[in-house]
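An overview of the molecular structure
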Amino acid sequence: MWNPGNLMCNANPNRGTGCLRSRLRWLAAVRPYLYILPSFMFLFVFTYYPIVRSLLLSLYEWNLSSQMRVFVGMDNYRRLLFDDPLFWQVMRNNALYAIGTIPTSVALGLLLAVLMDREIAGRSVYRVAFFYPTMLPMAAASMIWLWIFTPGYGLLNYYLGKVGFPDIEWVGSAKYALLALIIVAIWKYAGYYMVLLLAGLQGIPHDLYEAARIEGASSWQEFWYVTFPMLSPTTFFVLVMAVINSFQSIDQVYLMTRGGPGNATNMLAYYIYQTAFRFWDVGYASTLTSVLFVILLVTTAAFFRFLGRRIHYT
Amino acid sequence: MRIGLQPKRTNILVHLILLPAAFAIAAPFFWILTTAFKDRTEVFSAIPRWLPGHLVLSNFAEAWAMVPFGAYYWNTVVVCFGLLAVQLVTVTLAAYAFARMKFRGNDTLFLMFLMQLMIAPQSIFVPNYLTISSLGLLDTRLAIMAPYFASAFGVFLMRQAFKSMPSELEEAALIDGCSGLQFLWRIAVPLARPSMLAFSLVSITHHWNEFFWPLLVTDTSRARTLTIGIGLFAQSAEGGAEWTLLMAATLIAVGPLIVLFLLFQRHFINSFVQSGLKG
């Protein structure tokens, strides 16, 4: 490491009369903290403090309509576990949404990436066609899809009708509303994952494929024994990101279904919003927020464990 | 499987899969585009019309008259670029410290920074709303920006850039009497420009498109942004089921970003790849 304190004494004689070695050394020691301070300040106010505050508030009964704050210990958690069937429905919806969205969009992204990893005509046109949903706000995506899903004259039902499906009430029925959200999410994220995975593919060294070919591997074997293992860090990273995103997704729910019909599409983030801003129950909303933290923490921890243990490649 | 090694025949097969996929994914945007130029009655035709019978331009004027887009545009631009300006300062300073300086607790502090990647500001909206409210910032543009002033993702990205700089550069600069912030500003920042661009594009896209947090902390067109504009328009009585107007409004809101994306698609896509994360 360089030592600016010492060097500056020689190089910068106009820095005051006596070369105040100790003062400069002190400055050099403090400087990194000064550089970090602005970021840290904002992180403190909008990340650390609110996390701790949520955990604390989850132990209180605090409804903004009554303004009374009473310490209730673990009561909110008890309510969540034993007295709130809606919480379990929300978790179930969120899990279904994650299961429906993530494997499909990542698999689709992987398929597209593998196909795009070659010299073909119109490559950049394909990339734009697959990636542009990432650039669209979920607000716009929800709008257009609401219309595409409209029964009677919507685009989707028209073409599904052509292949023999009946007119489906997508967003308005408890049976299909969650599936509608899943379809939109797959459409929105597959191209983004494709682009990330494609970058991962292009980072795989050529000679591995040559070696495989010399060994007489089929293209399926090549994929399974070379591409797939070499790509697993990227894939896993994409998966974790997708899980984290799925538990934080709220725009879509708010804009397309408002959690309905009959809570069929209510998911964790939206439920937190309802609890806090429709019922003004800040205590319980904080409890739900703490549950969200635990989910995010466990997902990330599992990721690092997995990364440390399983994905070894040389 | 690799570039240049496959026979022509497989390429045709590849197109056979890619082409329908591209059409399916592009269709919704094409649908926005054509509907915005359609006559109101065409929307309800039993057979979908992929092209408008004749070009109706009045949808845009009508949508513009119904939604205060002027204010929304201004707010969105101020939020995106104001936020970016602050982020570039906080991110550059912190990233530089983490990349090039040794100090006690740097690993712990860095881990604490990365925590924001896991628990993003939008998932702690309840306590953040309380904070914004008690600071008296509700219904201001500052409220929309404040939780993002620090960006762990940006710090992470810029740290990589600063790390890859040769240390001889620093020593040489020191000998020439260029030190500390001067070095950072004159030499390190220009060298890290590609990463800065990547971060900027991702940040602008993210905040141009953000919906829920801005909706939560704003009440009037004083601070509201474009995405809230279209979201609320869709749920209003005049906007609901008026698909031609809605699609025109959507185009007005997403237009600039989409045009920029089409012009500089390589830059945008590479930025998102480099980041791998959302801003």
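1. A word on the overall build of chain A
When its secondary structure is counted, chain A shows 13 helices and two strands. On C-alpha atoms alone, chain A measures out to a radius of gyration of 26 Å, which is more than a quarter above the 20 Å that the 2.2 N^0.38 rule sets for 314 residues. The dimensions of chain A, computed from C-alpha atoms along their principal axes, are 90 × 75 × 35 Å. Long-range contacts, defined as pairs at least 24 residues apart, comprise 66% of the intrachain contacts of chain A with a sequence gap of at least 6.

2. Quick look at helix α6 (residues 138–149) of chain A
Residue and element names in this part refer to chain A. Between its first and last C-alpha atoms α6 spans 16 Å; for 12 residues at 1.5 Å apiece the expected length is 16 Å, and the two agree. Burial runs high along α6: 12 of the 12 residues are buried. Within α6 the residues assigned to the buried category are Met138, Ala139, Ala140, Ala141, Ser142, Met143, Ile144, Trp145, Leu146, Trp147, Ile148 and Phe149.

3. Digging into the interface of chain B and chain A
Between chain B and chain A, the contact holds 80 residues from the first and 82 residues from the second. Residues of the side of chain B that touches chain A, tallied by class, amount to 56 nonpolar, 20 polar and four charged.

4. Some remarks on the domain arrangement of chain A
Taken domain by domain, chain A consists of domain 1 (4–46) and domain 2 (75–309). Look at where the C-alpha atoms of domain 1 of chain A and domain 2 of chain A centre, and you get two points 46 Å apart.

5. So, the domain arrangement of chain B
Interfaces are often sized by the amount of accessible area the parts lose when they come together. All names here are of chain B. Domain annotation for chain B reports domain 1 (8–61) and domain 2 (63–275). Placing the centre of domain 1 and that of domain 2 at their C-alpha centroids yields a distance of 32 Å. Counting residues at the interface gives nine residues for domain 1 and 11 residues for domain 2. Within the residue set of the side of domain 1 that touches domain 2, elements represented by two or more residues are α1 (8–35) and α2 (58–66). Per element, the largest residue contribution to the side of domain 1 that touches domain 2 is three residues, and it comes from α2. Classifying every residue of the side of domain 1 that touches domain 2 gives five nonpolar, two polar and two charged.

6. Here we look at the packing of α6(A) against helix α12 (residues 226–235) of chain B
One way to put it is that α6(A) packs onto α12(B) with a least axis distance of 9 Å and a crossing angle of 25°. Relative to α12(B), the element α6(A) is oriented roughly parallel. As for the relative orientation of α6(A) and α12(B), their crossing is left-handed in sense. Here A:Ala139, A:Ala140 and A:Met143 of α6(A) lie close against α12(B), whose contacting residues are B:Thr227, B:Ile230, B:Gly231 and B:Ala234.

7. Observations concerning the environment of B:Leu232
All names here are of chain B. When you line up the elements, Leu232 lands in helix α12. Residue classification places Leu232 among the partly exposed residues on the basis of 15 C-beta atoms within 10 Å. Residues Leu232 and Val67, 165 residues apart in the sequence, show an inter-C-alpha distance of 9.4 Å.

8. Description of the pairing of strand β2 (residues 68–71) of chain A
Here four bridges tie strand β1 (residues 60–63) of chain A to β2(A), and the two strands are oriented antiparallel to one another. Paired with A:Asn63 across the strands is A:Met68, a residue of β2(A).

9. Concerning unusual backbone geometry
The phi dihedral of A:Asn263 falls on the positive side, at around 65°, and the residue is not glycine. Position of A:Asn263 relative to the elements: it lies in the loop between α11 (251–257) and α12 (268–277). Judged by C-beta crowding, with 19 C-beta atoms within 10 Å, A:Asn263 ranks as partly exposed. A positive phi angle, near 60°, is found at B:Asp139, a position not held by glycine.

10. Points about helix α4 (residues 106–118) of chain B
Residues three or four positions apart in an α-helix share a direction because the helix packs 3.6 residues into each turn. In a regular helix each residue adds 1.5 Å, so 13 residues correspond to 18 Å; α4(B) covers 19 Å between its end C-alpha atoms and thus fits that length. The secondary structure elements touched by the buried residues of α4(B) are α2 (21–57) of chain A together with α7 (152–163) of chain B.

11. Some words on the packing of α6(A) against helix α13 (residues 243–263) of chain B
Helix-helix packing is characterised by the crossing angle of the two axes and by the distance between the axes. Contact geometry of α6(A) with α13(B) gives a least axis separation of 10 Å together with a crossing angle of 155°. Accordingly, the angle class assigned to the pair α6(A) and α13(B) is roughly antiparallel. Along this stretch, α6(A) crosses α13(B), giving a crossing that reads as left-handed. Judged by residue contacts, A:Ala140, A:Met143 and A:Trp147 of α6(A) engage B:Trp243, B:Leu246, B:Thr250, B:Ala253 and B:Val254 from α13(B). Of the residues belonging to the contact of α6(A) with α13(B), the class tally is seven nonpolar, one polar and no charged.

12. What to know about the confidence of the model for chain A
All names here are of chain A. The predicted model of chain A has a mean per-residue pLDDT of 86, with 92% of residues at 70 or higher. Averaged over each element, pLDDT in chain A is lowest for helix α1 (residues 4–11) (45) and highest for α12 (95). For the stretch residues 1–11, pLDDT sits under 50, and the model shows 22 contacts to residues farther than four places along the chain or on other chains.

Conventions used here
- Think of each chain on its own: its residues are numbered from 1, step by step along the sequence as written.
- Chain labels run from A onward and ligand labels from 1 onward, assigned in the order the entries are written.
- A pLDDT threshold of at least 70 governs which residues receive local features in this predicted model, and a stricter bar of 80 or more applies before side-chain atom pairs are shown or counted, although totals over entire chains, interfaces and linings include all residues.
- In this description a helix means any DSSP run of H or I spanning at least four residues, a strand means any run of E spanning at least two, and both kinds are numbered starting from the N terminus.
- Both definitions apply: the radius of gyration is a C-alpha atom measure, and the globule rule equals 2.2 Å times residues to the power 0.38.
- Think of it this way: build a C-beta for each residue from its backbone, and any pair within 7 Å is a contact.
- Here the expected span of a helix is defined as 1.5 Å times the quantity of residues minus one.
- Note on burial: count the other C-beta atoms lying within 10 Å of the residue's C-beta; 20 or more is buried, 12 or fewer is exposed, in between is partly exposed, and C-beta positions come from the backbone.
- In this classification, the charged set is Asp, Glu, Lys and Arg, the nonpolar set is Ala, Val, Leu, Ile, Met, Phe, Trp, Tyr, Cys and Pro, and all remaining amino acids, among them Gly, are polar.
- Where each domain begins and ends is defined by an automated method or by a domain database.
- Only the stretch in contact is used when fitting a helix axis, every axis being a line fitted to C-alpha atoms; angles between N-to-C directions are given from 0 to 180 degrees.
- Put simply, angles under 35 degrees are roughly parallel, angles over 145 are roughly antiparallel, angles from 65 to 115 are roughly perpendicular, and the rest are oblique.
- Left-handed describes a crossing in which the near helix is turned anticlockwise from the far one by less than a right angle; the clockwise case is right-handed.
- In this analysis, strands are considered paired if DSSP registers two or more bridges between them.
- Here pLDDT means the predictor's own confidence in every residue, given as a number from 0 to 100.

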